Amino acid sequence: MDWDEFSHWGQHISRWAANYHKTLADRPVRAQTTPGDIAAQLLAAPPDKGEPMEAILADFERIVMPGITHWQHPRFFAYFPANAAPPSMLAEMLVTTIAAQCMLWQTSPAATEIEGVMVDWLRQALGLPDGMTGVIQDSASSATLSAVLTMRERATGFSGNREGLNGKGSLRIYCSDQVHSSIDRACWVAGIGQDNLVKLPTQGDTFAIDPDRLEAAIQDDIAAGHVPAGIIAITGGTGVGACDDLIAVADIAQKFDLYSHLDAAWAGSAMICPEFRQTFWPGAERYDSIVFNPHKWLGAQFDCAIQFLRDAAPQLNTLKIEPEYLKTTGAEVTNYSEWTIPLGRRFRALKIWFLLRSYGLEDLRARIRNHVAWAQELAQQIKAMEGFEITTGPILSLFSFRCPGDDDMQQRLVDALNTDGRIYLTQGLFEGRKIIRFQVGQFDTTRDDVLMAAKVIGDVWEKIR
Ligand SMILES: *Cc1c(COP(=O)(O)O)cnc(C)c1O
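Everything numeric here is computed off the predicted structure, so don't read it as measured data.

(A) Main features of the overall build of the protein chain. Looking only at helices and strands, one finds 14 helices and 13 strands in the protein chain. Against the compact-globule benchmark of 23 Å for 465 residues, the protein chain has a radius of gyration of 24 Å, which places it among compact chains. C-alpha atoms of the protein chain, sized along the principal axes, occupy 65 × 60 × 45 Å. Every one of the 465 residues in the protein chain was classed for burial, and the buried ones make up 51%. For the protein chain, restricting intrachain contacts to residue pairs at least 6 apart in sequence, the fraction spanning at least 24 positions comes to 74%. Carbon together with sulfur atoms contributes 53% to the accessible area of the protein chain, which is approximately 21100 Å² in total. Positive and negative charge centroids in the protein chain, built from 42 and 57 side chains respectively, lie 2 Å apart.

(B) Here's a closer look at the pattern of salt bridges. Counted by the stated rule, this structure contains 29 salt bridges. With a shortest N-O distance of 3.0 Å, Asp303 and Arg348 are connected by a salt bridge. Here Asp303, found in the loop between β8 (289-292) and β9 (305-309), pairs with Arg348, found in the loop between α11 (313-319) and α12 (349-383); they are 45 residues apart in sequence, far enough to count as distant. The same class applies to Asp303 as to Arg348, namely buried. For Arg402, the salt bridge goes to Asp407, with nearest N and O atoms at 2.8 Å.

(C) Molecular detail of the nonpolar core. Ranked by size, the top nonpolar core spans 97 residues in total, and within it Trp281, Phe308 and Leu396 carry the most contacts. Ranked by the residues each element gives to this core, the list is headed by α12, at eight residues. Residues within four places of Phe308 in sequence aside, it is in contact with Val119, Leu122, Arg123, Leu126, Leu128, Met132, Thr133, Gly134, Asp288, Ser289, Ile290 and Phe292. Judged by nonpolar contacts, the second largest core, of 29 residues, contains Ile382, Phe401, Cys403 and Ile436.

(D) Layout of the sheet that holds strand β12 (residues 426-430). Ordered by their spatial adjacency, four strands build an open sheet running β10-β11-β13-β12, and the pairing between neighbours is antiparallel. Pairing within the sheet leaves two strands with one partner each, and these edge strands are β10 (389-395) and β12. Strand after strand, the sheet turns through a mean of 30° between neighbouring axes, direction not considered. On top of the sheet, α12 reaches β10, β11 (398-402) and β13 (433-439); it is set at about 170° to β10, its chief contact.

(E) Local environment of the pairing of strand β3 (residues 197-200). One ladder, built from four bridges, connects strand β2 (residues 171-176) with β3; its direction is parallel. Considered in β3, the bridge of Cys175 is made with Lys199.

(F) Layout of the UniProt feature "modified residue: N6-(pyridoxal phosphate)lysine" (unreviewed entry) in the protein chain. Under the feature "modified residue: N6-(pyridoxal phosphate)lysine" (unreviewed entry), the UniProt entry names Lys296. As for its position among the elements, Lys296 is in the loop between β8 and β9. Setting aside residues no more than four positions away along its own chain, Lys296 makes contact with Phe80, Pro81, Ala82, Asn83, Ala265 and Trp266.

(G) Quick peek at unusual backbone geometry. Here the residue pair Phe302 and Asp303 is connected by a cis peptide bond, since its omega of 5° sits within 30 degrees of zero. Phi is positive for Ala99, close to 50°, though the residue is something other than glycine. If you trace the backbone, Ala99 turns up in the loop between α3 (86-98) and α4 (109-125). Taking relative accessible area as the criterion, Ala99 reaches 56% and is therefore assigned exposed.

What counts as what
Residues numbered from 1 in each chain as written. Predicted model: local features only at pLDDT ≥ 70, side-chain atom pairs only at ≥ 80, totals over all residues. Heavy atoms only, no water. Helix = DSSP H or I, 4+ residues; strand = E, 2+ residues; numbered from the N terminus. Rg over C-alpha atoms; globule rule 2.2 N^0.38 Å. Buried < 20%, exposed > 50% of the residue type's maximum accessible area, 1.4 Å probe, protein only. Contact = heavy atoms within 4.5 Å. Areas by Shrake-Rupley, 256 points an atom, 1.4 Å probe, with all protein chains shown as cover. Lys, Arg positive; Asp, Glu negative; His and termini not counted. Charge placed at Lys NZ, Arg CZ, Asp CG, Glu CD. Salt bridge = Lys/Arg side-chain N within 4 Å of Asp/Glu carboxyl O. Core = buried A, V, L, I, M, F, W, Y, C linked by side-chain atoms within 4.5 Å. Pairing = 2+ DSSP bridges. Axes fitted to C-alpha atoms, helices over the stretch in contact; angles between N-to-C directions. UniProt positions renumbered as here; feature names shortened; annotations may be inferred.

This is how it looks when you write it as structure tokens:
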């Protein structure tokens, strides 16, 4: 392909993209294919001869599009959102075009310097103190793994990387039973082990970790000769939106000199609103590491996770490695690949710059406030439906409910709703019972889209009951 052809197809695809978004609301949200449908339409072996772009794009429409679940659909209420605001898409097109590998300052100074400033813009936007630094990672899972590795190294006097973990005792990490599975996986791969991830029960309307139980667990472990290494708190858990009392947990981390990590992957975006900070964020500034995903609620195209660090040194001591071929000469510069597990890095900061400049914080705040208000309004409507029950009230824009009937009936309703296609929901488990999760957060969703869900749930329920 030459660059004139590239330009032709590039314009074609950007027109296709705009049209896709304009007609998105008419498509079923979740892909309606069955397993194997898509793979069966591909050739079993790679072609020997090249094909024209017309043919490839025609197959894209015919084969690929039916197998896409539309995450940018305004009635996507499943999981958490993965918003791609149009300015962030444009930034990603530029990043794809430049295709720089931004592992070191000198491999693209602009990427490193814009990353530094964007982390600082977001630090300010989330009301975190001056002096906190950070890095952009691909996912919250990677940021949490970095933090857990840092807990491990700090607790072993930074000897684990060199000597391995033999003879280091049982390193223990504490959290509530509401944490995301990425915390479990970080403990698996860091060599901590699932059995040394101590999950404590929660209490109250926000499903916060019980601080007395947390402190007692640490004391018991010390008495048993274990080695407490860190605490992981959450603001906005995935299941029902659990939020820990950040001050109470930070006090305990401080008392026992434990490294602390805060998982705010979803809810962090809402902390651009001062009123939500007042409720959910006091104490956040005391955490050694905080992760939040602008690629979820805020609108920066996937992937984009910010890890804030109170002091970068412990994580650098854990992850930095500098073979001769990566050494840079000259002035002191930041090489962000020393802060993370992968060496290679995409230029992720550009989409944050485009997003924040294009909308400004006021516009982004207004969207999030609307989502929260509409979720509350919808929860009221579902509560009024006969036999329906709100199982966990809205925390920010996430709540859960049950229809009349047993656990199987909940799953039947979810499956029937997703096959209907007008909305998309997922199930969860809370206190041993199946629940239906509902979150509002899609970038272009309207109040009508959200309230329409009550009607769709009612319709589909009448059909399957
Ligand atoms: C989404 C989510 C994660 C995982 O995020 P990835 O970026 O996909 O790794 C972790 N924790 C919470 C609370 C989440 O909502």
